[in-house]
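Now for the letters of each chain:
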Amino acid sequence: MKNPLVKVLAILFFLEILLFATSLLMPLPELNLNGNKFFFRFISSDELFDFRFKVKENATAEKLFTNYSLNQPFDFTAFFKRKPLCFGEKKISETYFLNPDIGNGVLALDKFFNALYTLNDTTTLRIAHYGDSQLEGDRLTCCLRTCFQHEFGGSGIGYVPFTDITSHTQLNRNYSANWIRYNVFNSPFRNNFYGASGIVFNILGSTFGHQGMTAVPATATVSFDFNPGVVYDHISIFYGKTARPFRIISNDDSLSKKIAEDTFPATDSFFIKRLRVPSNLKKLKFELLTSSSTDLFGFLIDGKKGIQVDNYSIRGHSGDRLLNINTEYLGKQLKSLNTRLVILQFGANVVPYIYSDADCKMLEALFYKLFMKFKEANPDISILVIGAGDMINIKNGQETSYPMLPKIRDAQKNAARKAGCAFWDLFDAMGGKNSISSWAAKGYASKNGHFYPPGQLIVANELYSAIMAEYHMYLFKQRENNLASKTK
Amino acid sequence: MTGFFESLTYNNLNPLKFHSVLFFVLFTLFYLFYAFVYKNIRLRNVLLLLFSLYFYYKVSGLFVFILILTATVDYFVGFWIYYLESLWKKRFLLILSLTVNLGYLFYYKYATFLMHIFGVKEIFADTFIDKILFPIGMSFFVFKSLTYIFDIYRKTIDIPEYNYINYLLYVSFFPNILAGPISKARDLLPQLKAKHDITEDEIGRGIFLIMSGAIKKFFIADFLAINFIDRIFDSPSLFGGFENLMAAFGALIQIYCDFSGYTDIVIGLACLMGFTIKPNFNKPFLSQNITEFWRRWHMTLSSWMSDYLFYPLSYFFRRLKMIGVILAVLITFFISGLWHGANWTFVLWGCSHGFAIAFETWTKNLRYKIFGKINQRFYKISSIIITLNFLVFTIILFRASDINKAFEMYKIIFTRFDVSIISNWIHVYFYPLLVLLLGYILHFLPQKLNDNLTLKFISLPWILKSVIFFIVIVIIYQTFSSEALPFVYLEF
Amino acid sequence: MSEEVKTKLNSIFKNVFKDHSLEVTEEMTSNDVERWDSLSHFTLIATVENEFKIKFHLNELIAMKNVGDLIHGISSKQLSVSNS
């Protein structure tokens, strides 16, 4: 009599054979049914025979990676499975992007989209990208800028501070030792009149003065060696209060030749003034000669028209210290710059301090205050808030995801919604909890949440796609409105 | 077979699970030996014990020593209780065993909960928790071992277990060590000591149970959790009243499919080895009241609680008659809630069920009279509906991660209920809704259908059995590998 | 002796379970009486203890399998009471 347990073994072995046989058929092609894609899979031979412990694949992240590696231009609308707006009815919105109604059917990003829509050849439209170490040295912003300038035109790399803790990704920068850099986060200025970036520079004179308030002439230098591929039309100096005029001597560093000397007027407020420097030079050295206390913000490396994206990053910042900038001053600067979209990308640095729901409530209130400040500063701008991304905490050699991260994201989202700002959920867009492991495994990011260049490319593209999907909705609505008004 | 030998050691980031290729391979290897050894009781039990201990090591690492320690202590205590004459000594030993067993449980499971109650700063708690990982399944195997001690003390078991291997095996028996069902010593120990001729029937039944359990757990429960329920319970305020209510309905069927599916797999595995484990579920949503519910839901736990907690308590309070019974019920359910987890949500959930039963006890005569007066069918059906609603309502407490979230959900259901989004919601959440309904329908199908299917499956030739098993695995695999459906918040 | 016990038990059962057609037998268990469940069990026991002026230990109760065991238990306790 056959041992029934042997039958079980037979069943198990035959099962293994079937699994092995079908694993050889992988990968199967996708099936298309009624416009919905179906992906049928058998267990792959990898999963059957590889027992090594792998970081669990994050499906969302993996899909992103495949899309980008195959270099396929993918359909934005299809990817977000967007449904057309139902005017006046409940809107179905995708989770990654929130573009709330701020009243009377106007959406949060409409002001920016309007500016985008009416962009002409004579103006440059600017986007301000505020952030922390995630953005330092123009990281991530550079990719976003490429996306916008590719579609809407523009050149140059926007705002560049004279010094920074870290190197700049678009240029090689050297500077003299007598720059003093103040910022809203960890190096407060003597008053609230910071540049829009939250940073202000003074030059330390040879005579030791009180907080840079030196009466003797002080000279500082800064030189830029642009990366190949950086093109610009003109360079401007962006500065704040100065009692007396100051000069800038511009040198072409490749030829070691002086090319211009410009004098800039005193002001009680701020100025953006062009230097008489030709476009598209590769190496430049600037000597700034001041004769009084001069508050300097940075250079603007700009194009003739189109879009510019300014990187306003401060390492360690959580955004709340921007509340320290004089609101009116900030508003005026944004207006002069023609900044119509402000992107606020913070969150990573609050994580170690948030433990409870009460902390999250406080965080939400704080962010709300910050968003409203920008609205107050300049009602003509749209604000886009980017939520904190996933990151890993390494404690005692063990990796764990921060449990409060989704709640921090929620606090940001709620504050954004309340303040009438748009919100992009980076946390979910990258794959959600523990997704950073997948990104790190591919070398696209570090485990503590900083994106490396390939990762930055993906994130910026995703963000850009999300904004553009909303923009297309906006255009659709405009067309509908135009048709409606015509038929009246 | 890359990395196979490395994967044999414990990795705390990747504990062994039933639904893994590794377990499949290990179980097959084990069964290879088992098939030729199972007729010899001694060899069979040694093999089972080795595999069970190894299994627990692969799941919980060095905590396997806690398991061995608990079992060993109870093995000896069992003896002493039996041999010592004086009642006081017996009692002392009983308390000793309880202290050791429950002491561990308290420390590992409830230490942080207690710290929260006493206001220990959370930062400190964080670092403390790092040091305390939790031996998985401890709530279950401790309770298992205690049934032996209690029964020896009460003389329900006539003689203690002399064979250490047998006792250790009883506590560490791998199918039900992680999440039950809680087999009583008087049910499982005798089976371990006896030879059992395994029949074709049992084999077929076992495989059928594993398959149907897997479908319930992975295809229905996990799908619902990932694509629907988790997201609403994580952030209820982002959803409306209707969605939160649907999440509650979903949570009830999800927990049922998850737990009963897992239990079926456990019972099926035990079947394959010739052992019978008492089931945990019996169409719980057919209950006409909560009292009945607990005779159909997690039956081994309620049996344990009834025998070892409720019975002594109601004995103790018997002079108080009805009040005494109610007191016993409330205390039992308070502890039952706490057993499920170190969170006020579980305690509240348990207590709410306790109050329901207390209410039913108190009104029993009244309800009996009503039953006599009105149409019996109508009474039964409305009872089922009322009970189901109560279950859905209280499952929110069970499933929410903390009290605030739970009350938030209640508030949203009652104040933000917007019927206008219902058609939209059905359109967007079509697949989860379908799976939810499938879960409930499968539950309400008559048991006879299930039995007939099982018989048909048993009668199939082994190759066909294998093919069907393969198909089931493929179906389930689709839900493993597919990405979560996109979150959709219906704006309101 | 056990006939007296049985008669007295009969009236107790009738009262506790509100069923006047009930007649106790030695083989009767909780399964045989509709209203006898774990919730009413100890109400019954308490009433029995009260009426017969005895006290049961928990272990003794656990060991009882049917009404016959109960009668036996009552009888032996009464015996020990009358003997002391």
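The residue count restarts for each chain, going from 1 along the sequence in the order it is written. Both sets of labels track the order of writing: A upward for chains, 1 upward for ligands. Local features are withheld for residues below a pLDDT of 70 in this predicted model, meaning they are given only at 70 or higher, and side-chain atom pairs are given and counted only at 80 or more; totals for whole chains, interfaces and linings count all residues.

**Focus: the overall build of chain A**
We count it as follows: Secondary structure is summarised from DSSP: a helix means a run of H or I of at least four residues, a strand means a run of E of at least two, and numbering begins at the N terminus for each. Remark: C-beta atoms are placed from the backbone, and a residue is labelled buried if 20 or more other C-beta atoms sit within 10 Å of its own, exposed if 12 or fewer do, or partly exposed between those counts. C-beta atoms are placed from the backbone for every residue, and two residues are taken to be in contact when these atoms lie within 7 Å.
Assigned secondary structure in chain A consists of 12 helices and 24 strands. Burial analysis of chain A (488 residues in total) assigns 43% to the buried set. Sequence-distant contacts, at least 24 apart, represent 77% of the contacts inside chain A between residues at least 6 apart.

**Considerations on the overall build of chain B**
Within chain B, the regular secondary structure consists of 22 helices and one strand. Looking at chain B residue by residue over its 492 residues, the buried ones come to 41%. Long-range contacts, defined as pairs at least 24 residues apart, comprise 75% of the intrachain contacts of chain B with a sequence gap of at least 6.

**Considerations on the sheet that holds strand β24 (residues 422-424) of chain A**
All names here are of chain A. Operational definition: Strands are treated as partners if at least two bridges between them are detected by DSSP. Working convention: axes come from line fits to C-alpha atoms, limited for helices to the stretch in contact. Angles between N-to-C directions cover 0 to 180 degrees.
As summarised here, the arrangement of the six strands in space is β4-β24-β21-β20-β7-β19, forming an open sheet in which the pairing is mixed. Both edges of this open sheet fall to β4 (97-98) and β19 (306-313), since each of them pairs with a single strand only. The pairing of strand β20 (residues 339-345) with strand β21 (residues 382-386) spans five bridges and is parallel. Each bridged residue has a counterpart across the sheet, and for I343 the counterpart in β21 is L384. Running over the sheet, helix α5 (residues 110-117) touches β7 (124-131), β20 and β21 and is turned about 135 degrees from β20.

**As for the interface of chain C and chain B**
Between chain C and chain B, the residue contacts involve 11 residues of the former and 14 residues of the latter. Broken down by secondary-structure element, the contributors of at least two residues to the side of chain C that touches chain B are α2 (38-52) and α3 (58-63) of chain C. With six residues, α2(C) is the single largest residue contributor to the side of chain C that touches chain B.

**Comments concerning the sheet that holds strand β14 (residues 246-252) of chain A**
Residue and element names in this part refer to chain A. Taken in spatial order, the five strands line up as β9-β12-β17-β14-β15 in an open sheet, and their pairing is antiparallel. Each end of this open sheet is capped by a strand with a single partner; those strands are β9 (171-175) and β15 (257-264). Sheet twist, expressed as the average angle between the axes of neighbouring strands with direction ignored, equals 20 degrees. Examined bridge by bridge, β9 and strand β12 (residues 218-226) share five bridges and lie antiparallel to one another. Counted as the bridge partner of N174 is S223 from β12.

**Side note on the nonpolar core**
Residues and elements named next belong to chain A. Rules: The term nonpolar core refers to a set of buried Ala, Val, Leu, Ile, Met, Phe, Trp, Tyr and Cys residues connected through C-beta atoms within 7 Å. Where each domain starts and ends comes from a domain assignment, either automatic or drawn from a database.
The biggest cluster of nonpolar side chains holds 118 residues, and the ones touching the most others in it are F371, I383, L384, V385, C421 and A422. For this core, the element with the highest residue contribution is helix α12 (residues 453-487), accounting for eight residues. In this structure, this core is formed jointly by two domains, domain 2 (58-154 + 305-488) and domain 3 (159-303), each of which donates at least three residues. What I383 contacts, discounting residues up to four positions off in sequence, is V342, L344, F371, F374, K375, C421 and A422.

**So, helix α2 (residues 41-60) of chain B**
Two residues of an α-helix separated by three or four positions point the same way, owing to the 3.6 residues in each turn. Residues and elements named next belong to chain B. What counts, and what does not: Multiplying 1.5 Å by the residue count of a helix minus one yields the expected span of that helix.
Here α2 is 20 residues long and its end C-alpha atoms lie 28 Å apart, about the 28 Å a rise of 1.5 Å per residue gives. When we look at burial in α2, the residues that qualify are R44, N45, L48, L49, F51, S52, F55, Y56, K58 and S60. Among the structural elements, α1 (21-37), α3 (64-83), α7 (164-172), α8 (174-177) and α9 (185-193) are those in contact with the buried residues of α2.

**Observations concerning the packing of helix α15 (residues 344-362) of chain B against helix α17 (residues 376-399) of chain B**
Helix-helix packing is described using two parameters, namely the angle between the two axes and the distance between the axes. All names here are of chain B. Selection criterion: Angles are sorted into four bins: roughly parallel if under 35 degrees, roughly antiparallel if over 145, roughly perpendicular if 65 to 115, and oblique for all others. Each residue gets one label: Ala, Val, Leu, Ile, Met, Phe, Trp, Tyr, Cys and Pro are nonpolar, Asp, Glu, Lys and Arg are charged, and the others, such as Gly, are polar.
Remark: α15 packs on α17, axes separated minimally by 7 Å, with the N-to-C direction vectors making an angle of 155 degrees. The angle between α15 and α17 falls in the class roughly antiparallel. Where α15 abuts α17, its residues T345, F346, L348, W349, S352, H353 and A356 lie against F390, T394, L397 and F398. Classifying every residue of the contact of α15 with α17 by side-chain character gives seven nonpolar, four polar and no charged.

**Observations regarding helix α6 (residues 141-152) of chain A**
Residue and element names in this part refer to chain A. Taking 1.5 Å per residue as the helical rise, α6 with its 12 residues ought to reach 16 Å, and the 16 Å between its terminal C-alpha atoms agrees with that figure. For α6, every residue scored as buried is listed here: T141, C142, C143, L144, R145 and F148. The first or second residue beyond α6 is G153, which carries a positive phi of 90 degrees.

**Regarding the environment of I307(A)**
Residues and elements named next belong to chain A. Along the polypeptide, I307 turns up in strand β19. I307 gets classed as buried once you count the C-beta atoms within 10 Å, which come to 26. Sequence-distant contacts of I307, that is, excluding residues within four places in its chain, are made with L125, I127, F148, Q149, F152, G153 and G154.

**Examining the environment of I473(B)**
With respect to the helices, strands and loops of the structure, I473(B) is situated in helix α22 (residues 462-481). Here the alpha-carbon distance between I473(B) and F219(B), two residues 254 residues apart in the chain, equals 10.0 Å.

**Some remarks on the packing of α2(B) against α7(B)**
Residues and elements named next belong to chain B. This is how the line gets drawn: In this scheme the crossing of two helices becomes right-handed for a clockwise turn of the near helix relative to the far one and left-handed for an anticlockwise turn of less than a right angle.
Where α2 contacts α7, the two axes come as close as 9 Å, and the packing angle between them is 40 degrees. Considering their axes alone, α2 and α7 lie oblique with respect to each other. Like other packed secondary-structure pairs, α2 and α7 cross with a definite hand, here left-handed. Of the residues in α7, those in contact with N45, V46, L48, L49, S52, L53 and Y56 of α2 are I165, N166, L168, L169 and S172. Of the residues belonging to the contact of α2 with α7, the class tally is eight nonpolar, four polar and no charged.

**Description of unusual backbone geometry**
Peptide bonds are mostly trans, and most non-glycine residues show a negative phi. A positive phi angle, near 60 degrees, is found at N104(A), a position not held by glycine. Tracing the sequence through the fold places N104(A) in the loop between β5 (101-103) and β6 (106-107). Using a count of 5 C-beta atoms within 10 Å as the deciding quantity, one classes N104(A) as exposed. Despite not being glycine, K283(B) has its phi angle at roughly 45 degrees, a positive value. Residue K283(B) is classed as partly exposed on the basis of its 15 C-beta neighbours within 10 Å.

**Things to note about the pairing of β19(A)**
All names here are of chain A. Most of β19 is tucked away: eight of the eight residues are buried. Of the strand pairs in this sheet, β7 and β19 are connected by eight bridges, and their pairing is parallel. Pairing of L125 across the sheet is with I307, part of β19.

**Describing the confidence of the model for chain B**
All names here are of chain B. Under the convention used in this document: Residue-level confidence of the predictor is summarised by pLDDT, bounded by 0 at the bottom and 100 at the top.
Taken residue by residue, chain B gives an average pLDDT of 87. The fraction at 70 or more is 93%. Across residues 121-131, confidence stays below pLDDT 50; counting only partners more than four residues off in sequence or on other chains, it has nine contacts. The ipTM assigned to the predicted complex is 0.87, against a pTM of 0.67.

**What to know about the environment of N40(B)**
One can find N40(B) in the loop between α1 and α2. Note: C-alpha distance between N40(B) and A194(B) (154 residues apart in sequence) is 9.7 Å.

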